[in-house]
Amino acid sequence: MIAKDPYDLHLSYPLTATDKRSTRVGKFRVLFQVDSETLTVSDVGPRGQIYRKL
Amino acid sequence: MSTAAIAVLSNFERDRWNADVYGAMALASQLSALVKNRALTIRLAYHFWRLNSVLGDFFVDIRRAIKAGAPKDQAPATPERVLETAQDLRKLHRTLEHIYGRAKRAGLTNNSLTAGALNSVCNYNEDVLELAELLELSLKPEVVESIYDRGRAERERGDIFDLSEVE
């Protein structure tokens, strides 16, 4: 679904820029980047922890 | 600050934001008391659907605000306002989580009158937490950037998998 329209706000929110986005699958967060024809998943992790593991 | 966070905070007046968030919280607390007092299921169902509708409208406005973007002539929100807003959302999240747990223990997730609305409220509750995280992250863009930097470094090392390989 995201591949069809990665900018759909029902599916993902923009982070620091519109092409860097976050979506949630249940209690997990998926961080991805949209680069012309490619959608790259940068990280997947449980909510609350994905941003703390650095 | 993140584009979404700027847009949300710029397009919501503080009073309207408080009315929406605290309105949802008041409804949820009312519902929690009703579940505790074992109110009639039909009454509970009505209140759950009402809460569901309030949360639904709130997220329609949020998406509209993000889509509209931040007005160029407006000063960005202060870090204090961002934190305060995120804390309000976390409070709403905890209230909704509490009410869902209580309703589940009362068997309302297995009741055809209430289960649909309850599942929907549970879904919106995840959206509430996601929005709180988004606002908090807007104050720490370096955290987001370092996740993407790490992803970029892995890609440059050839440490990548095509979707067909992981499915």
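These figures come from a predicted structure and were not determined experimentally. (Residues numbered from 1 in each chain as written. Chains lettered and ligands numbered in written order. Predicted model: local features only at pLDDT ≥ 70, side-chain atom pairs only at ≥ 80, totals over all residues.)

This brings us to the overall build of chain A. Tallying secondary structure elements over chain A gives zero helices and four strands in all. The order of helices and strands in chain A, counted from the N terminus, is β-β-β-β. Taken over the C-alpha trace, chain A has a radius of gyration of 11 Å; the compact-globule value for 54 residues is 10 Å, and the two agree within 12%. For chain A, with 54 residues in total, the buried portion stands at 22%. Long-range contacts, defined here as pairs at least 24 residues apart, represent 8% of the contacts in chain A between residues at least 6 apart. (Helix = DSSP H or I, 4+ residues; strand = E, 2+ residues; numbered from the N terminus. Rg over C-alpha atoms; globule rule 2.2 N^0.38 Å. Buried ≥ 20, exposed ≤ 12 C-beta atoms within 10 Å, placed from the backbone. Contact = placed C-beta atoms within 7 Å.)

In this section: the overall build of chain B. Looking only at helices and strands, chain B features seven helices and zero strands. Put simply, chain B runs from its N terminus to its C terminus through helices and strands in the order α-α-α-α-α-α-α. Relative to the compact-globule value of 15 Å for 167 residues, chain B shows a C-alpha radius of gyration of 19 Å, a clear excess of over 25%. Across its three principal directions, the C-alpha atoms of chain B cover 60 × 50 × 25 Å. Burial status across chain B gives 31% buried among its 167 residues. Put simply, of all contacts in chain B between residues at least 6 apart along the chain, 83% involve residues at least 24 apart.

Residues and elements named next belong to chain B. Two elements in contact, helix α2 (residues 14-36) and helix α3 (residues 41-68), have axes whose closest approach is 10 Å; the angle formed by their N-to-C orientations is 160°. As the angle between them shows, α2 and α3 are arranged roughly antiparallel. Considering the relative orientation of α2 and α3, their crossing is left-handed. Seen from α2, the contacting residues are D20, G23, A24, L27, A28, Q30, L31, L34 and V35; seen from α3, they are R43, L44, H47, F48, R50, L51, V54, L55 and F58. Here the residues of the contact of α2 with α3 sort into twelve nonpolar, three polar and three charged. (Axes fitted to C-alpha atoms, helices over the stretch in contact; angles between N-to-C directions. Parallel < 35°, antiparallel > 145°, perpendicular 65-115°, else oblique. Left-handed = near helix turned anticlockwise from the far one by under 90°. Nonpolar A, V, L, I, M, F, W, Y, C, P; charged D, E, K, R; others polar.)

This part is about the interface of chain B and chain A. At the junction of the two partners, chain B supplies 21 residues and chain A supplies 18 residues. Those elements that place two or more of their residues in the side of chain B that touches chain A are α1 (3-11), α3, α5 (115-137) and α6 (141-156) of chain B. Top contributing element to the side of chain B that touches chain A by residue count: α6(B), with nine residues. Its residues placed into classes, the side of chain B that touches chain A shows ten nonpolar, four polar and seven charged.

On to the nonpolar core, then. In terms of nonpolar packing, the biggest core is built from 46 residues, with A5(B), L51(B) and V121(B) touching the most fellow members. Mapped by element, the contributors of at least two residues to this core are β3 (28-35) of chain A together with α1, α2, α3, α4 (79-105), α5 and α6 of chain B. Top element by residues in this core is α5(B). It accounts for ten residues. Apart from residues lying up to four places away in sequence, L51(B) is in contact with A24(B), L27(B), A28(B), L31(B) and V121(B). (Core = buried A, V, L, I, M, F, W, Y, C linked by C-beta atoms within 7 Å.)

Here the focus is the pairing of strand β2 (residues 20-25) of chain A. The side chains of a regular strand alternate, residue by residue, between the two faces of the sheet. Residue and element names in this part refer to chain A. By the bridge criterion, two bridges tie strand β1 (residues 13-14) to β2 in an arrangement that is antiparallel. By the bridge assignment, Y13 is partnered in β2 with S22. Here β1 folds back onto β2, and the loop between the two strands holds five residues. Across six bridges, the pairing between β2 and β3 is antiparallel. Bridge pairing in β3 links S22 to L31. In this structure, the hairpin formed by β2 and β3 is closed by a connection of two residues, where G26 is found at a positive phi of approximately 60°. (Pairing = 2+ DSSP bridges.)

Turning next to α2(B). All names here are of chain B. With 23 residues, α2 ought to run about 33 Å at 1.5 Å a step, and its terminal C-alpha atoms sit 32 Å apart, in line with that. Among the residues of α2, those classed as buried are W17, A24, L27, A28, L31 and V35. On its buried face, α2 sits against α3 and α4. Once α2 ends, the next one or two residues include R38, with phi positive near 50°. (Expected span 1.5 Å × (residues − 1).)

Everything listed here is a matter of geometry and, on its own, says nothing about what the molecule does.
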